[in-house]
Amino acid sequence: IETSTHAREGDPADALLDVAEEHGADLIVVGNKGMTGARRFLLGSVPNNVSHNAPCGVYIVRTT
């Protein structure tokens, strides 16, 4: 498996989407935002935005 990392400034979701499109990514891996209570069933804004707008597959890792 070939992986790469890219440092960007700005909104995290926009940066992830830009890099994925620029490099023809096959998959974006992003962690969910740790939340407690009833909010634990909702994704944070970054994984939510990425999953709805990605040009490729998205794998959301449970981080909590």
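The preceding data block contains the structure.
Presented here is an overview of the structure given in this document. (Residues numbered from 1 in each chain as written. Predicted model: local features only at pLDDT ≥ 70, side-chain atom pairs only at ≥ 80, totals over all residues. Heavy atoms only, no water.)

## Side note on a negative patch on the surface
Okay, so step 1: A contiguous patch of negative charge, built from Asp 11, Asp 14, Asp 18 and Glu 21, is present on the exposed surface.
Okay, so step 2: Take Glu 21: its relative accessible area is 59%, and that puts it in the exposed class. (Patch = residues over 30% accessible without salt bridge, like charges linked within 9 Å, V, L, I, M, F, W, Y side chains within 5 Å. Areas by Shrake-Rupley, 256 points an atom, 1.4 Å probe, with all protein chains shown as cover. Salt bridge = Lys/Arg side-chain N within 4 Å of Asp/Glu carboxyl O. Lys, Arg positive; Asp, Glu negative; His and termini not counted. Charge placed at Lys NZ, Arg CZ, Asp CG, Glu CD. Buried < 20%, exposed > 50% of the residue type's maximum accessible area, 1.4 Å probe, protein only.)

## Section: the layout of surface pockets
Okay, so step 1: The computed volume of the largest pocket comes to approximately 660 Å³.
Okay, so step 2: Mapped onto the lining of the largest pocket, the elements with two or more residues apiece are helix H1 (12-22) and strand E1 (27-31).
Okay, so step 3: Considering each element in turn, the lining of the largest pocket owes the most residues, five residues, to H1.
Okay, so step 4: Here the residues of the lining of the largest pocket are counted per class, giving 10 nonpolar, seven polar and four charged. (1 Å grid on protein atoms, 1.4 Å probe; cavity = no way out; pocket = protein on both sides within 12 Å on 5 of 7 lines; lining within 4 Å. Points joined across faces, edges and corners; volume = space filled by probe spheres on them. Helix = DSSP H or I, 4+ residues; strand = E, 2+ residues; numbered from the N terminus. Nonpolar A, V, L, I, M, F, W, Y, C, P; charged D, E, K, R; others polar.)

Interpretation in functional terms is not warranted from these geometric data alone.
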